[in-house]
Amino acid sequence: MTNLLIAPARQSGCQDLEAFANVVQAAAEQQRSPIDDILDSGVVEEELYLSALAQQSRMEWVTSIADFENIGALRAVCGPRVALAHRLLPMQLEGAEGEDGEQRLVLLTYDPLNLLAKQAATQQISLPIVWKMASRRRIHEALRKLYGVGADTFDIKAKMAGSSSSGSPSRHLVTLIASRRINSPDDSNLCFCSSGICDKIS
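Residues numbered from 1 in each chain as written. Predicted model: local features only at pLDDT ≥ 70, side-chain atom pairs only at ≥ 80, totals over all residues. Heavy atoms only, no water.

1. A few points about the overall build of the chain
And then number 1: Regarding its fold elements, the chain presents ten helices and five strands.
And then number 2: By the burial criterion, 45% of the 202 residues in the chain qualify as buried.
And then number 3: Total accessible area computed for the chain in this model is approximately 10800 Å², and 46% of it derives from carbon and sulfur atoms. (Helix = DSSP H or I, 4+ residues; strand = E, 2+ residues; numbered from the N terminus. Buried < 20%, exposed > 50% of the residue type's maximum accessible area, 1.4 Å probe, protein only. Areas by Shrake-Rupley, 256 points an atom, 1.4 Å probe, with all protein chains shown as cover.)

Structural data, given as structure tokens:
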């Protein structure tokens, strides 16, 4: 995995490949994708690195995200439990119902190595998925607009990562959501608070 990730780092102008390799190794020892750790470390420039990684991964790179045309349809296809926990952005629906061929969901990720996110999306989204990549910053900004959450939703926090050696903040959030009993198909019993996603208080 290190070699796969170092090529985009070198291509995007990383000045400290040794520090980069150390970040990747530390994530590997924790058995998680290193992408968040790489971006948080500051050893690469996010936009340049992720675009090079998209090219390496043979995924289309999305340079800008337009305003959403049909928010209700996107939310219905990809609920917040998947989108916010795994930071996957339903960008648009391709094709039209009733036409020849199947309607597909264009889903953006900034982490092509996050197999947990891909598995969750495949299991919980009924449409075929077209995977594309965009920067973490753009995806977070668009998720806030699409699901109406505050900026602190994605700050899930160095505290959470530092309090356990089991994984990144996003993994803690996935664990939190997985532990909840969620009965509503539209996830209406979830709310978004400073510590992440939690149950509404009835």
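2. Things to note about the pattern of salt bridges
And then number 1: Counted according to the given criterion, the structure contains eight salt bridges.
And then number 2: The partner of R104 in a salt bridge is E94, and the shortest N-O contact between them spans 3.3 Å. You can see R104 sitting in strand 2 (residues 104-109) and its partner E94 sitting in strand 1 (residues 89-94), a full ten residues away along the chain. (Salt bridge = Lys/Arg side-chain N within 4 Å of Asp/Glu carboxyl O.)

3. Here's the deal with the packing of aromatic side chains
And then number 1: In total, this model carries one aromatic pair according to the counting rule given.
And then number 2: Above the ring of W131, the side-chain terminus of K118 is found at 5.7 Å from the ring centroid. (Phe/Tyr/Trp six-rings, centres within 6.5 Å; stacked < 30°, edge-to-face > 60°. Lys NZ or Arg CZ within 6 Å of the ring centre and 35° of its normal.)

4. Re the pairing of strand 3 (residues 129-133)
And then number 1: Sheet topology places strand 2 next to strand 3; five bridges connect them, and they run parallel. If you follow L107 over to strand 3, its bridge partner there is W131.
And then number 2: In this view, the connection linking strand 2 to its parallel neighbour strand 3 by way of helix 7 (residues 115-124) has right-handed handedness. (Pairing = 2+ DSSP bridges. Right-handed = clockwise from strand over helix to strand, strands pointing away.)

5. Concerning the confidence of the model for the chain
And then number 1: In this model, the chain carries an average pLDDT of 79, and 71% of its residues clear a pLDDT of 70 or more.
And then number 2: Across residues 156-202 the pLDDT falls below 50, and counting only partners more than four positions away or on other chains, this stretch makes 75 contacts in the model. (pLDDT = per-residue confidence, 0-100. Contact = heavy atoms within 4.5 Å.)

6. Notes on the side chain of D36
And then number 1: Looking at where D36 falls in the secondary structure, it is placed in helix 3 (residues 35-41).
And then number 2: Only 2.9 Å separates the side chain of D36 from the side chain of Y110, close enough to count as a polar contact. (Polar contact = N/O pair within 3.5 Å; in protein donor to acceptor, adjacent residues only side chain to side chain.)

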